[in-house]
Amino acid sequence: MPEHQDPVVTEVRGARVHNLRNVDVDVPLRQLVAIAGVSGSGKSSLAMGVLYAEGSRRYVEALSTYTRRRMSHASRAKVDSVRHVPAALALRQRPGVSGVRSTFGTSTELLNVLRVMFSRLGSHLCPNGHRLQPTIDVAANKDLVCPVCGAEFYPPGAESLAFNSDGACPACAGTGVVRDIDDATLVPDPSRSIADGAVTPWGMFGLSVMPQVAAAMGVRIDVPYADLTEAEREVVLDGAAEKREITVPSKTGKLFDLNFTYRSARQAVREAMNNATSEKGLARINRFITAHTCPACHGTRLSEAARGTAVDGKNLAQATALTLAEAMEWVPKVTATLPADMRPMAEMIAQQFTEMGRRLVELGLGYLTLDRASSTLSTGERQRVQLARAVRNETTGVLYVLDEPSIGLHPANIEGLIGVMRDLLAGGNSVVLVDHDVQVLREADWMIEIGPGSGTAGGTVLAQGTIDDVQRDPASLIGSFLTGDASVVIRDRVAEPDLFAHGTVRLETTPIHTVGALEVTIPKGRLTAVTGMSGSGKTTLVLDSLVPALAATHVEGLLPVHVKTVDASGVSRADVVDATPIGTNVRSTVATYSGALDDLRRAYASLPSVKEQGLTASDFSYNTGSLRCPRCEGTGQVVLDVQFLPDVDIPCPDCDGTRYSSSAWD
């Protein structure tokens, strides 16, 4: 019997995804394969649209029919054949942001280890508040007996120390933050009278008769709000929903006596919040809402009981307030503080924590505290967490597809990224990455260069082989950059006599996250770059401080809590151009998002033949226009429902994916 030989390459033949032009390529397995090329050349189409799409789809199709119908998966790629593709996982360029209870500790699962450590090795409190010494009886699932009061109790388990479960603070439900209505925003100008519109929510939410109802309840509405008594202010802000009869004039001037139920300022905001159905509606309400640290748990997210257990003098909240680097130093020292019979267990827990944290530190994340909210992490930080988790899963035989993993990384952190990829390969996996950074590309065992241009000018294989092969290939565009021989064009700078001649934007903040207090002066009318090591505070300065501060000044809102002052006179608005995918629904395209299609619709609507039919530009709309394809409703796709198989999206056969009905082509 011949010996079995594992495939050494994934064979792709006739790939036509997006702008790929019948690409034939062999992708080595169990090696680090880089796909390079200019932006829009087809790199991601090959990596994500072919290799990942086929690897994940075939894995799902290998499952049972019952399971397949309950899982989403990529539709079949436009390719003649793909042979020997492993099950694939994608580590995407921009990982999603986790929920409100997610922290750096939970997303890395380091907090799971700490919870086990505190539940097994901790000094617990009895029901009467007496502290017991650590004991091996906890690991043996025995009840503990308090030596002071004799109370018998079962110690808290790891689940009882989780802020997304039994250990959550009851006041904030484990979020560490409570949201409430800010009374200062309800009446922003106390010098105005209620009749003159002092109570902002009544004017915003269609409650124009509330001043008259308040007057019927004994509130003076013709004097400045500041002159009202405490009792009158209480009625305005939080009065009971009582009915009062008031006289209301009609449009013709006729008077009517009507009963109205009173809505206090706070109640008006609460009802508007419950009825809001759009982002715009929520934005109007948010001006009245303030979020502040939970006074019950002081932002730790944990209940008082969960904070009762201590290890080496620290409770769980204090331990998670440590940076990863500090925790890596502290956890191994815990062993020496415990009785001899508990030390083997403590060493195992410490070893697991150290192994999990080591790669994160090597990726440059040692500065993050374990209780840092995931929503405050930058894109680069979230992606590195995702990479580290992939290594820890210890898979084998999997194809990992990495979409521009160097984004957000300082050059000093590239070594850690390369180490992660080498760890994946050492586990018997295959790695395909799409990237532009030559420092990363030089580490590849095999390279495929797509090009030569973008869009229709790309989609072909320019060069492939080892790094040396690509460097020597005359067709390669990136080869000279890999060798360092390419001439880099540097724009000539014109000496400016005064960089601040057009004015300045000044910002001053207090410490936030791991970033200290900042004070910056930014010149107007200039291109200003903010750079620094990952985690140095770039995102905190620009996106968390400057942009929201500018927005607050123009809508008369409150500055972010950590922003002390901002002076940006003459700046009308702040627009953020980030990497968020464009489009809000399935009908959104580049043309609709950019507005280019609006001009095209108007141009077609101006044609004489179109005017004769009584058609307008709105008839060419994908969303509601009369010329959209009735079968796919302007999406360009329909669902192919095959019995016993998952539903598959295919181009609409009526409009061939164009989204328009046949009458639009006339």
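Residues numbered from 1 in each chain as written. Predicted model: local features only at pLDDT ≥ 70, side-chain atom pairs only at ≥ 80, totals over all residues. Heavy atoms only, no water.

1. Concerning the sheet that holds strand 5 (residues 88–91)
Taken in spatial order, the 6 strands make up an open sheet running 5-14-15-3-16-17, and their pairing is mixed. Two strands bound the open sheet, and with one partner strand each, they are strand 5 and strand 17 (460–465). Adjacent strand axes in the sheet meet at a mean angle of 20 degrees, parallel and antiparallel pairs treated alike. Here helix 15 (residues 414–426) sits on the sheet in contact with strand 3 (32–36), strand 14 (399–403) and strand 15 (430–434), set at roughly 150 degrees to strand 15. (Pairing = 2+ DSSP bridges. Helix = DSSP H or I, 4+ residues; strand = E, 2+ residues; numbered from the N terminus. Axes fitted to C-alpha atoms, helices over the stretch in contact; angles between N-to-C directions. Contact = heavy atoms within 4.5 Å.)

2. Some details on the pairing of strand 1 (residues 9–15)
Each regular strand shows side chains that alternate between the opposite faces of the sheet. In terms of strand pairing, strand 1 meets strand 2 (residues 23–28) through 5 bridges, oriented antiparallel. Bridge pairing links Ala 15 to Val 23 in strand 2. Here strand 1 runs beside strand 4 (residues 81–83); their pairing, made up of 3 bridges, is antiparallel. In the sheet register, Arg 13 faces strand 4, and the bridge partner there is Ser 81.

3. Looking at helix 15
Since the α-helix turns once every 3.6 residues, residues separated by three or four places project in the same direction. With 13 residues, helix 15 should reach 18 Å at 1.5 Å per residue; the first-to-last C-alpha distance of 18 Å fits that figure. Within the span of helix 15, buried status applies to Ile 414, Gly 416, Leu 417, Ile 418, Gly 419, Val 420, Met 421, Leu 424 and Leu 425. Once helix 15 ends, the next one or two residues include Gly 428, with phi positive near 90 degrees. (Expected span 1.5 Å × (residues − 1). Buried < 20%, exposed > 50% of the residue type's maximum accessible area, 1.4 Å probe, protein only.)

4. Quick word on the sheet that holds strand 20 (residues 563–567)
Taken together, 3 strands build an open sheet; the order of strands is 19-18-20 and the sheet is antiparallel. Single-partner strands in this sheet number two, and they are strand 19 (519–523) and strand 20. Taking the axes of each pair of neighbouring strands and ignoring which way they run, one obtains an average angle of 10 degrees across the sheet. When strand 18 (residues 504–509) meets strand 20, the two strands line up antiparallel, connected through 4 bridges. Residue Leu 507 lies in a different strand from strand 20, and its bridge partner there is Val 566.

5. With respect to a nonpolar patch on the surface
Taken together, the side chains of Phe 481, Val 488 and Ile 490 make up a nonpolar region of the molecular surface, amounting to roughly 340 Å² of accessible area. Summarising the element assignment, Ile 490 is placed in the loop between helix 18 (479–483) and strand 18. Ile 490 sits in the exposed class, given a relative accessible area of 68%. (Patch = residues over 30% accessible without salt bridge, like charges linked within 9 Å, V, L, I, M, F, W, Y side chains within 5 Å. Areas by Shrake-Rupley, 256 points an atom, 1.4 Å probe, with all protein chains shown as cover. Salt bridge = Lys/Arg side-chain N within 4 Å of Asp/Glu carboxyl O.)

6. Things to note about the pairing of strand 15
Along strand 15, 5 of the 5 residues are buried, which leaves the element largely enclosed by surrounding structure. In the sheet, strand 3 pairs with strand 15 via 4 bridges, with the strands oriented parallel. Across the sheet, residue Val 33 finds its bridge partner in strand 15, namely Val 432. Pairing between strand 14 and strand 15: 5 bridges, direction parallel. Looking across to strand 15, one finds that Leu 402 is bridged to Leu 433.

7. Thoughts on the pattern of salt bridges
Counted according to the given criterion, the structure contains 22 salt bridges. Two residues, Arg 233 and Glu 230, come together in a salt bridge whose shortest N-O distance is 3.9 Å. On the criterion of helical spacing, the pair formed by Arg 233 and Glu 230 is a turn pair, its members being 3 residues apart in helix 8 (residues 230–238). A residue is classified by how much of its surface remains accessible, and Arg 233, at 24% relative accessible area, is partly exposed.

8. Considerations on the confidence of the model for the protein
On average, residues of the protein score 84 in pLDDT, and 89% of them are at 70 or above. The model gives residues 642–646 a pLDDT under 50, and that stretch makes 10 contacts with residues more than four places away or in other chains. (pLDDT = per-residue confidence, 0-100.)

9. Points about unusual backbone geometry
Of note, the amide linkage connecting Gly 451 to Pro 452 takes the cis form, showing an omega dihedral of 0 degrees. If you trace the backbone, Pro 452 turns up in the loop between strand 16 (446–451) and strand 17. In this model, Glu 109 sits at a positive phi of 70 degrees, which is unusual for a non-glycine residue. Looking at where Glu 109 falls in the secondary structure, it is placed in the loop between helix 3 (104–108) and helix 4 (110–121).

10. Details of the environment of Thr 376
Checked against the element boundaries, Thr 376 lands in the loop between helix 13 (343–362) and helix 14 (379–392). For the pair Thr 376 and His 513, spaced 137 residues apart in sequence, the C-alpha to C-alpha distance is 8.5 Å. There is a polar contact of 2.6 Å between the side chain of Thr 376 and the side chain of Arg 372. (Polar contact = N/O pair within 3.5 Å; in protein donor to acceptor, adjacent residues only side chain to side chain.)

11. Some remarks on the nonpolar core
One finds Phe 104, Met 117, Trp 330, Phe 353, Met 421 and Met 447 to be the most contacted residues of the largest nonpolar core, which totals 68 residues. Those residues in contact with Met 447 that lie beyond four places of it in its chain are Ala 34, Ala 36, Leu 441, Ala 463, Gln 464, Gly 465, Ile 467, Val 470, Ile 478 and Leu 482. If you look at the next biggest cluster of nonpolar residues, it comprises 31 residues, including Ile 194, Leu 237, Tyr 262 and Ile 289. (Core = buried A, V, L, I, M, F, W, Y, C linked by side-chain atoms within 4.5 Å.)

12. As for the packing of aromatic side chains
All told, the structure shown has 5 aromatic pairs when counted by the stated rule. Ring geometry for Phe 118 versus Trp 330: centroids 6.5 Å apart, planes at 40 degrees, classification tilted. Taken as a pair, Phe 118 in helix 4 and Trp 330 in helix 12 (residues 324–330) lie far apart in primary sequence, 212 residues in all. When its relative accessible area of 0% is taken as the criterion, Phe 118 is described as buried. Take Trp 330: its relative accessible area is 9%, and that puts it in the buried class. On the numbers, 6.0 Å between centres and 45 degrees between planes, the contact of Tyr 604 with Phe 620 is tilted. A residue pair is termed long-range when its members are at least 10 positions apart, and Tyr 604 in helix 21 (residues 596–605) and Phe 620 in the loop between helix 22 (608–612) and strand 21 (637–640) qualify at 16 residues. Cluster of aromatic residues (ring-pair linked, three or more members): Tyr 604, Phe 620, Tyr 622 and Tyr 660. If you follow Arg 115 out to its NZ or CZ, it ends over the ring of Phe 163, 5.2 Å from the centre. (Phe/Tyr/Trp six-rings, centres within 6.5 Å; stacked < 30°, edge-to-face > 60°. Lys NZ or Arg CZ within 6 Å of the ring centre and 35° of its normal.)

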